[in-house]
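Residue-level listing of the chains:
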Amino acid sequence: MPPRYFLSTLTRIADFDRHPFDVQPLPKADWATGDYVVGKVQTLKGPLAQVELATGRMAHQMEGDLVIGAFGIRKATLEAVGDWQSIQADGLMQNLTLAGLFGRLTSASYLLPQLPTLSYEGHVVRQGQKVQMQDFVPKIAPVPYSRPTILIIGTSMSAGKTTTARVMIHLLKQLDLKVVGAKLTGAGRYRDILAMADAGCDRIFDFVDVGLPSSIAPPEDFRASLQTLLSLIEAEQPDVVVAEAGASPHEPYNGAIAMAALAQQVIFTVLCASDPYAVVGVSQSFGIQPDVVTGVATSTTAGVELVEKLTGVVALNLAEGAAQEKLLALLKAVLGL
């Protein structure tokens, strides 16, 4: 009986569920970011003993299970840091995001439960050649990006960007607009953009669609991938795009490049903040003047008042209906509706 594989989120652009492949160990000199590899689960403890599948569903695992993921890099300020380059001779690695981003854990928050540990079993190969995420990227001619864009950025991870995107998309769909949701930077979890789809997006895209396990990549490589991603979005001809630029623009996820690429089309900027003082820090250090501040920092009236006192920017607690109505009015104004 052939082996049974868990197909992680990072395989959702691939065809491993439909076409055969082999598994072959390769020397480390032949490894690269975006290579599809097989890991065998070695240790599983606690609430993170799971893998996010290509459908976005979380599946519990057992020791000995085989998972197809991709080599990548993660540098999360509040959770985990690791990369495939740090994998040692023992072949042990972690599923750094639960989405199949494989690398050796080098630093972790003491608050983070244990990540699944796997052993490198080999690369996915076909006809003697390793299979990479880039093999499944659509071959399209680049076109200029011209869509009106609402940009969501954050002071850090877990600042409320996904919740904000979901509310904004819901409001925009009430205006009978064609809306595309996009996550341009970050690490490859499917749940964030699926939340955009749940809110009513007509289409969703992220950097996985253009062959990146995370957006940590050499700047020129990321620019080329981003151009392809923006061309895919442009082809949909949306009325408006809601684009999330991952965590903070200061983190190594190429957020600054994404923001620069969108600059001429951004009609509205939302800053999701983890605390009121972070709004000041990001605004001053990166020269960002948001139209609205949302997120964890605006969870209470005290937070809203402090943000507005410190910055003079409108702060909204989007859990409240009145704040959503105010946001809807602002969106109508920038869209000329």
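Because the structure is predicted, anything quoted here is derived from the model rather than measured. (Residues numbered from 1 in each chain as written. Predicted model: local features only at pLDDT ≥ 70, side-chain atom pairs only at ≥ 80, totals over all residues. Heavy atoms only, no water.)

This next bit is on the environment of Leu78. Looking at where Leu78 falls in the secondary structure, it is placed in the loop between strand 7 (73–75) and strand 8 (80–83). Through-space distance from the C-alpha of Leu78 to that of Ala108 is 8.1 Å; in sequence the pair is 30 residues apart. (Helix = DSSP H or I, 4+ residues; strand = E, 2+ residues; numbered from the N terminus.)

Once that is clear, we can look at helix 2 (residues 191–198). Listing the buried residues of helix 2 in full gives Asp192, Ile193, Ala195 and Met196. The buried residues of helix 2 all sit within an arc of 145 degrees when viewed along its axis, so they share a single face. Buried residues along helix 2 sit against helix 1 (161–174), strand 14 (179–185), strand 15 (203–206) and strand 16 (240–245). Gly200 occupies a position one or two residues after helix 2 and carries a positive phi of about 120 degrees. (Buried < 20%, exposed > 50% of the residue type's maximum accessible area, 1.4 Å probe, protein only. Arc of directions from axis to C-beta. Contact = heavy atoms within 4.5 Å.)

It is the contact of helix 1 with helix 7 (residues 321–335), at a shortest axis distance of 10 Å, that shows an interaxial angle of 60 degrees. One way to sum up the angle between helix 1 and helix 7 is to call them oblique. Crossing angle aside, the handedness with which helix 1 passes helix 7 is right-handed. In contact with Val167, Met168, Leu171, Leu172 and Gln174 of helix 1, helix 7 contributes Gln324, Leu327, Leu328, Leu331 and Leu335. (Axes fitted to C-alpha atoms, helices over the stretch in contact; angles between N-to-C directions. Parallel < 35°, antiparallel > 145°, perpendicular 65-115°, else oblique. Left-handed = near helix turned anticlockwise from the far one by under 90°.)

So, on to the packing of aromatic side chains. Throughout the structure, instances matching the rule amount to 9 aromatic pairs. Between the aromatic rings of Phe16 and Phe21, the centroid separation amounts to 5.3 Å while the plane-to-plane angle is 65 degrees, which identifies the pairing as edge-to-face. Its end group placed over the ring of Phe6, Arg4 keeps NZ or CZ at 4.7 Å from the ring centre. Looking at Arg12, its charged tip hangs above the ring of Tyr190, at a distance of 4.1 Å from the centre. (Phe/Tyr/Trp six-rings, centres within 6.5 Å; stacked < 30°, edge-to-face > 60°. Lys NZ or Arg CZ within 6 Å of the ring centre and 35° of its normal.)

This next bit is on the layout of surface pockets. Size it by volume and the second largest pocket reaches roughly 170 Å³. Together, Thr33, Gln134, Val137, Val210, Leu212, Ile216, Ala217, Pro218, Asp221, Ala224, Ser225 and Thr228 line the second largest pocket. Within the lining of the second largest pocket, the residues separate by chemical class into 7 nonpolar, 4 polar and 1 charged. (1 Å grid on protein atoms, 1.4 Å probe; cavity = no way out; pocket = protein on both sides within 12 Å on 5 of 7 lines; lining within 4 Å. Points joined across faces, edges and corners; volume = space filled by probe spheres on them. Nonpolar A, V, L, I, M, F, W, Y, C, P; charged D, E, K, R; others polar.)

With that settled, the discussion passes to the sheet that holds strand 16. One open sheet holds the 7 strands; their spatial order is 15-14-16-13-17-18-19, and the pairing between them is parallel. Only two strands of the sheet have a single neighbouring strand rather than two, namely strand 15 and strand 19 (314–315). Bridge analysis of strand 13 (residues 149–154) against strand 16 gives 4 bridges, and the strand direction is parallel. Residue pairing in the sheet places Ile150 in a bridge with Val242 of strand 16. (Pairing = 2+ DSSP bridges.)

Now for the nonpolar core. Core analysis: the largest hydrophobic core is formed by 59 residues, its most contacted members being Phe16, Tyr36, Val124, Leu184, Leu226 and Ile233. For this core, the element with the most residues is helix 3 (residues 219–235), which contributes 6 residues. Ranked by size, the runner-up nonpolar core spans 29 residues in total, among them Val179, Cys201, Val292 and Leu316. (Core = buried A, V, L, I, M, F, W, Y, C linked by side-chain atoms within 4.5 Å.)

In this section: the confidence of the model for the protein chain. Keep in mind that low pLDDT regions are not for reading the predicted coordinates in detail. Predicted confidence across the protein chain gives a mean pLDDT of 92, with 98% of residues reaching 70 or more. The lowest-confidence element of the protein chain is helix 5 (residues 276–286), averaging 77 in pLDDT; the highest-confidence one is strand 6 (residues 66–71), averaging 98. (pLDDT = per-residue confidence, 0-100.)

Attention now moves to helix 6 (residues 301–311). An α-helical turn contains 3.6 residues, so any two residues separated by three or four positions project in the same direction. Those residues of helix 6 lying buried are Gly303, Val304 and Val307. The buried residues of helix 6 occupy an angular sector of 100 degrees when projected down its axis, which confines them to one face. Projecting away from the buried face of helix 6 at angles above 90 degrees are the exposed residues Thr301, Glu305 and Lys309. In this structure, the buried side of helix 6 is in contact with helix 5, strand 18 (292–294) and strand 19. Trailing helix 6 by a residue or two, Gly312 shows a phi angle of about 75 degrees, which is positive.

Across the 6 residues that make up strand 6, a large majority, 6, are buried. The pairing of strand 1 (residues 5–7) with strand 6 spans 3 bridges and is classified as parallel. Within strand 6, the residue paired with Leu7 across the bridge is Ile68. Looking at chain direction, strand 3 (residues 36–43) and strand 6 are connected through 5 bridges and run antiparallel. If you follow Gly39 over to strand 6, its bridge partner there is Val67. Relative to strand 10 (residues 101–108), strand 6 is paired through 2 bridges, and the arrangement is parallel. Looking across to strand 10, one finds that Phe71 is bridged to Phe102.

Here we take up the pairing of strand 10. Relative to strand 10, strand 8 runs antiparallel, the two sharing 4 bridges. Residue pairing in the sheet places Ala80 in a bridge with Ala108 of strand 10. By the bridge criterion, 2 bridges tie strand 9 (residues 92–95) to strand 10 in an arrangement that is antiparallel. Following the sheet pairing, Gln94 is matched in strand 10 by Gly103. Connecting strand 9 to the next strand, strand 10, in antiparallel fashion are 5 residues, including Leu98 with a positive phi near 70 degrees.

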